[in-house]
Amino acid sequence: MTEPFDPDATLIRVLTDPACIPDPYPLYNQLRDHAPIFQTSVTGTWVVNRYEHAKAMLRDPRCGSGAGLEGGDRTAIDGSSRRARTGTLSMLFLNPPDHTRVRGLVARSFTPRRVEQMRPEVEAMCDALLDDLDGDGDFVDKVAFPLPANVISALVGVPEADREFLRPLIYDLGVGIEPTASDDEIAAADIAGEEITAYVVDLIARRRADPQDDLLSGMIEAKDGEDKLTEDEIIVNTLLIYAAGFETTTHLLGNTVRQLVAHPDQHELLRSDRSLIPGAIEEVLRFDPPVQMDGRYVFEDLELGGVTIPAGSGTMTLIGAVNRDPDVVDDPDTFDVTRTDTQVLSFGSGIHYCLGAALARLEGQALLGRMLDRYDTWKIVGEPSWRRRFTLRGVEHMHVRLS
Ligand code: HEM
């Protein structure tokens, strides 16, 4: 007799068993297919894993950030530690109308034009890092880790001389968002947050005195009528942009290399047709998403797929399960760079949809393009080692040989 499916046990394995990190997808598929919406008895959180339901939940005005509410603390990607979460809040933790106001003001300077203008600079950064890797070495240390850190520093307006000093701090900051982060890691994230804040306060003063064409100067000057961002809002959202845009993109770059090495036929297609590059990055985001979880706090009873999630509940969705929902994508477990118009939740959905999606895509496309131009043969030497992380999943070290 087969055992009945146990969604709680499966979820716990996915969240806590390091052996599941390299390939959680078979378990995700089981959860989505056998228990599309269920309440876990471990924390009381509702788990929502079908695309249609998860998208509806992320977009529903009855759901939002529960930061600061009883039972409403939720993991999110702004790197603010547990201690800091009840303090100054970045846009990720705000609900309308505050979210609308702050996101609107930040988005005035974080424009698609500013991102697209960075393309030649990002390509030059890719080349410099690939030169340094010299075809053999740790891809994460040498390329996937420094590229997004340098790109965000350039976007924000951090002078090149200060970027080395900031890189390890942003690394520590990002750890604060994991559901299983240790107290030591939370403490390190707090210290990093304080050091970056001190740095940003000083940089704001310099930009006020001498504005430049960068995001920080843009945030200082952004106006809606008489409304402007306060100094605290500029600081906390700069920290958010660092935390949200750094390790996420590192994993996108690492996943791109892993998937193309694992699927030589797809690599070959790209080698012969560079117009497939944007679609290849979309497929990596779908098939192997860097952010594995999103969630909301439910303010009013919410009906989803015939189930009522009561007001006051927390929800979570496993993005890797949703992106392989056979109701919205054909043959979901196949990695296929020629797909078009895939429906995914890799960047979230609704009012909190990733503000940096265009920048992340640009980095992925630029690096993939430069690697295809420079190297015909890509190899991974030995087994990559994984970050022991669930929300931001990716490799920590990966030795590559490119020729
Ligand atoms: C592949 C890389 C990335 C992935 C997978 C990713 C994923 C996400 C996801 C899933 C959310 C939604 C969170 C929610 O619903 O609560 C989000 C929000 C956000 N992301 Fe990204 N992100 C990436 C890169 C970036 C970059 C490069 C930046 C900036 C430089 C950035 C800035 C943000 C910001 C500011 C938000 C909050 C938006 C809001 O609350 O309105 N992200 N991201």
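Let me sum up the structure you'll find in this document. Keep in mind the model is a prediction, meaning the values are calculated, not measured.

## Quick look at the overall build of the protein chain
Okay, step 1: Across its full length, the protein chain holds 16 helices and 12 strands.
Okay, step 2: Projected onto its principal axes, the C-alpha positions of the protein chain cover 70 × 55 × 40 Å.
Okay, step 3: For the protein chain, the residues scored as buried account for 44% of the 403 residues in total.
Okay, step 4: A separation of at least 24 residues holds for 72% of the contacts in the protein chain among residues at least 6 apart in sequence.

## Here we look at the sheet that holds strand E11 (residues 378–386)
Okay, step 1: Strand order in the open sheet made by the 3 strands is E4-E12-E11, with antiparallel pairing throughout. This sheet does not close on itself; its edge strands, each paired only once, are strand E4 (136–138) and E11. Sheet twist, expressed as the average angle between the axes of neighbouring strands with direction ignored, equals 10 degrees.
Okay, step 2: Sheet topology places E4 next to strand E12 (residues 395–402); 3 bridges connect them, and they run antiparallel. What sits directly across from aspartate 138, in E12, is histidine 399.

## Thoughts on the environment of proline 278
Okay, step 1: Following the sequence through the fold, proline 278 ends up in helix H14 (residues 277–287).
Okay, step 2: For proline 278 and leucine 362, which are 84 residues apart along the polypeptide, the C-alpha to C-alpha distance reads 8.8 Å.

## Here we look at the sheet that holds strand E1 (residues 37–39)
Strand pairing in a sheet takes place through backbone hydrogen bonds and is either antiparallel or parallel in direction.
Okay, step 1: Strand order in the open sheet made by the 5 strands is E1-E2-E10-E7-E3, with mixed pairing throughout. Looking at the sheet topology across the chains shown, the edges are occupied by E1 and strand E3 (63–64).
Okay, step 2: Pairing of E1 with strand E2 (residues 46–48), which is carried by 3 bridges, proceeds in the antiparallel orientation. Pairing of isoleucine 37 across the sheet is with valine 48, part of E2.

## Overview of the site of the ligand
Okay, step 1: Inspection of the region around the ligand gives 26 residues, with Gly245, Thr248, Gly348, Cys354 and Gly356 positioned closest.
Okay, step 2: Secondary structure elements with two or more residues in the shell around the ligand: helix H12 (231–262) and helix H16 (357–374).
Okay, step 3: Ranked by the residues each element gives to the shell around the ligand, the list is headed by H12, at 7 residues.
Okay, step 4: Of the residues contributing to the shell around the ligand, the split by class is 17 nonpolar, 7 polar and 2 charged.

## Things to note about the pairing of E12
Okay, step 1: Sheet topology places E11 next to E12; 6 bridges connect them, and they run antiparallel. Residue pairing in the sheet places tryptophan 378 in a bridge with leucine 402 of E12.

## Some points on helix H8 (residues 146–156)
Okay, step 1: The buried fraction of H8 is high, at 9 of 11 residues.
Okay, step 2: Looking at the buried positions of H8, the neighbouring elements they touch are helix H6 (119–133), helix H7 (139–144), helix H9 (160–175), helix H11 (215–221), H12 and H16.
Okay, step 3: After H8 finishes, the residue glycine 157 shows a positive phi value of roughly 110 degrees.

## Describing H6
Within an α-helix, residues lying three or four positions from one another point in the same direction, as the helix has 3.6 residues per turn.
Okay, step 1: The terminal C-alpha atoms of H6, which comprises 15 residues, lie 21 Å apart, in line with the 21 Å expected from a rise of 1.5 Å per residue.
Okay, step 2: All buried positions along H6 are accounted for by Val122, Met125, Cys126 and Leu130. Seen from one end, H6 has its buried residues packed into an arc of 130 degrees, which puts them on one side. Away from its buried face, by an angle of more than 90 degrees, H6 presents the exposed residues Pro120, Ala124, Asp131 and Asp132.
Okay, step 3: For H6, the elements touching its buried residues are H7, H8 and H16.
Okay, step 4: The first or second residue beyond H6 is aspartate 134, which carries a positive phi of 55 degrees.

## Re unusual backbone geometry
Okay, step 1: For the bond from proline 96 to proline 97, the omega torsion is 5 degrees, close enough to zero to count as cis.
Okay, step 2: With respect to the helices, strands and loops of the structure, proline 97 is situated in the loop between E3 and helix H4 (98–109).
Okay, step 3: Even without a glycine there, the phi angle at aspartate 341 is positive, about 55 degrees.
Okay, step 4: Tracing the sequence through the fold places aspartate 341 in the loop between helix H15 (319–322) and H16.

## Here we look at the environment of leucine 270
Okay, step 1: The topology assignment puts leucine 270 in helix H13 (residues 264–272).
Okay, step 2: Leucine 270 has contacts with Leu276, Ile277, Ala280, Val337 and Leu372, leaving out every residue within four places of it along the chain.

## A word on the packing of H8 against H9
Okay, step 1: Relative to each other, H8 and H9 sit at 115 degrees, their axes nearing to 10 Å. Every pair of crossing elements has a handedness; the one defined by H8 and H9 is right-handed. Counted together, Pro146, Ala149, Asn150 and Ser153 of H8 and Arg163, Leu166, Arg167 and Ile170 of H9 form the full contact between these two elements.
Okay, step 2: By residue class, the composition of the contact of H8 with H9 is 4 nonpolar, 2 polar and 2 charged.

Parameters and conventions
- Numbering of residues starts from 1 in every chain and runs along the sequence as written.
- Residue-level local features of this predicted model are given only where pLDDT is at least 70; pairs of side-chain atoms are given and counted only at 80 or more, and the full residue set underlies all totals for whole chains, interfaces and linings.
- The helix and strand labels rest on DSSP assignments: H or I over at least four residues marks a helix, E over at least two residues marks a strand, and numbering proceeds from the N terminus.
- Counts of 20 or more other C-beta atoms within 10 Å of a residue's own C-beta define buried residues, counts of 12 or fewer define exposed ones, and intermediate counts define partly exposed ones; C-beta atoms are placed from the backbone.
- Any residue pair is listed as a contact if its two C-beta atoms, each placed from the backbone, are within 7 Å.
- At least two DSSP bridges between two strands are required for those strands to pair.
- All axes are obtained by fitting lines to C-alpha atoms, using only the stretch in contact for helices, and the reported angles, taken between N-to-C directions, cover 0 to 180 degrees.
- Only the C-beta atom matters for this test: placed from the backbone, it must lie within 6 Å of a molecule or strand for the residue to be near it.
- When residue character is reported, Ala, Val, Leu, Ile, Met, Phe, Trp, Tyr, Cys and Pro are called nonpolar, Asp, Glu, Lys and Arg charged, and the others, Gly included, polar.
- In this scheme, a helix's expected span is set at 1.5 Å multiplied by one less than its residue total.
- This arc corresponds to the set of directions leading from the helix axis out to the C-beta atoms.
- In this scheme the crossing of two helices becomes right-handed for a clockwise turn of the near helix relative to the far one and left-handed for an anticlockwise turn of less than a right angle.

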